[in-house]
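# Reading the structure
Chain by chain, the residues run as shown.
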Amino acid sequence: MTNVVKGVPVGTIDGIVYVADFLEGHEAVFEWALTGVAWDDRIRARKTASFGVPYHYGGLTYEESPFPPELERVRALVSARLARPANNCLLNHYPDGRSRMGFHSDSEEGIVPGTGVTIVSLGVQRPLRFRATATPERRLDYLLAPGSLMYLPKEVQNEWQHSLPRSSRREGRISLTFRTIEHREGAAKADSGPKAP
Ligand SMILES: O=C(O)CCC(=O)C(=O)O
């Protein structure tokens, strides 16, 4: 643990990969996403959008939608670092510090075994907060810088829950969350999103 922000230590967890300056031109991707994406308002705490294969998340279904070129560039960069290419990107838009995501671990249902979630952050820096599942008082933050990449493997999600807490920052943030989803035409639907977003 290297630092403390408002009482929660900033640190590292074995298995998480964090690359601070992953995405060149992240400002332009943020601007494109703000205006070029048709945001879904079905979740109250933040806006969402999904590209790629169909995604079943938090009880909601997002239909298949082709990757726009702006996002395809990021998908290709992310996939170059993964054993299996990502075939879905769920975008989360937090327009201001009141928008949030509660503690959860992502369900493994429908996810290709051995693959995790990759988060590319755009806009204002906000902490991703972790709490140990067995000892919830044990918490630490990763500060997600704009343009950064975080890879969250399944093994970490077994031991830690994560959340994006409310913040005093007024500026917006968008996360691009890439997953490799089992997909066969006409296959039964499995919900692979957070269990309790
Ligand atoms: O917006 C974020 O960075 C958090 C995303 C997240 O928690 C998730 O996709 O499970």
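### A word on the overall build of the chain
- Helices and strands together make up the secondary structure of the chain, namely three helices and 14 strands.
- The buried share of the chain, reckoned over its 197 residues, is 34%.
- Within the chain, counting contacts between residues at least 6 apart in sequence, those at least 24 apart form 79% of the total.

### What about the sheet that holds strand 12 (residues 149-152)?
- The six strands lie next to each other as 3-12-9-14-7-4, forming an open sheet whose pairing is antiparallel. The open sheet has two edge strands with one neighbour each: strand 3 (17-19) and strand 4 (47-52). Averaged over all neighbouring strand pairs, the angle between strand axes comes to 15 degrees, with direction disregarded.
- Where strand 9 (residues 117-123) lies against strand 12, four bridges are found, and the strand directions are antiparallel. Bridge pairing links Thr-118 to Tyr-151 in strand 12.
- Those strands touched by helix 1 (residues 26-36) are strand 7 (88-94), strand 9 and strand 14 (173-179), and its axis lies near 85 degrees from that of strand 9.

### Considering the nonpolar core
- The biggest cluster of nonpolar side chains holds 31 residues, and the ones touching the most others in it are Val-74, Cys-89, Leu-91, Val-120, Met-150 and Leu-176.
- Taken together, the elements giving at least two residues each to this core come down to helix 1, strand 5 (55-57), helix 2 (69-79), strand 7, strand 9, strand 11 (139-144), strand 12 and strand 14.

### With respect to the site of the ligand
- Around the ligand lies a shell of 11 residues, among which Asn-92, Asp-106, Ile-119, Ser-175 and Thr-177 are the nearest.
- Among the secondary structure elements, those contributing two or more residues to the shell around the ligand are strand 9, strand 13 (160-164) and strand 14.
- A breakdown of the residues in the shell around the ligand according to their chemical character gives six nonpolar, four polar and one charged.

### Quick look at the environment of Glu-24
- Structurally, Glu-24 can be placed in the loop between strand 3 and helix 1.
- Judged by C-beta crowding, with 11 C-beta atoms within 10 Å, Glu-24 ranks as exposed.
- Residues Glu-24 and Ser-148, spaced 124 residues apart in sequence, show a C-alpha to C-alpha distance of 9.6 Å.

### A closer look at helix 1
- Listed as buried for helix 1 are His-26, Val-29 and Ala-33. When helix 1 is viewed along its axis, its buried side chains cluster within an angular range of 55 degrees and face the same direction. Seen from the open side of helix 1, the exposed residues pointing more than 90 degrees away from its buried face are Ala-28, Thr-35 and Gly-36.

### Describing the confidence of the model for the chain
- Considering every residue of the chain, the mean pLDDT works out to 90; 90% of them sit at 70 or more.
- The low-confidence segment residues 1-6 (pLDDT under 50) makes 12 contacts with residues lying over four places distant or belonging to another chain.

### Here we look at the pairing of strand 4
- Taken across its six residues, strand 4 has five buried, putting it largely inside the fold.
- Judged from the six bridges that link them, strand 4 and strand 7 form a sheet pairing that is antiparallel. Bridge assignment links Lys-47 to a residue of strand 7, and that residue is His-93.

### Brief notes about helix 2
- Taken as a whole, helix 2 has its buried residues at Leu-71, Val-74, Arg-75 and Val-78. Buried residues of helix 2, seen end-on, are gathered within an arc of 105 degrees and therefore sit on one face of the element. Across helix 2 from its buried face, at more than 90 degrees, point the exposed residues Pro-69 and Ala-76.

### Digging into the pairing of strand 9
- Buried residues dominate strand 9, accounting for seven of its seven residues.
- Bridge count between strand 9 and strand 14: six bridges; the pairing is antiparallel. Within the sheet, the bridge partner assigned to Ser-121 lies in strand 14 and is Ser-175.

Analysis parameters
Residues numbered from 1 in each chain as written. Predicted model: local features only at pLDDT ≥ 70, side-chain atom pairs only at ≥ 80, totals over all residues. Helix = DSSP H or I, 4+ residues; strand = E, 2+ residues; numbered from the N terminus. Buried ≥ 20, exposed ≤ 12 C-beta atoms within 10 Å, placed from the backbone. Contact = placed C-beta atoms within 7 Å. Pairing = 2+ DSSP bridges. Axes fitted to C-alpha atoms, helices over the stretch in contact; angles between N-to-C directions. Core = buried A, V, L, I, M, F, W, Y, C linked by C-beta atoms within 7 Å. Near = placed C-beta within 6 Å. Nonpolar A, V, L, I, M, F, W, Y, C, P; charged D, E, K, R; others polar. Arc of directions from axis to C-beta. pLDDT = per-residue confidence, 0-100.

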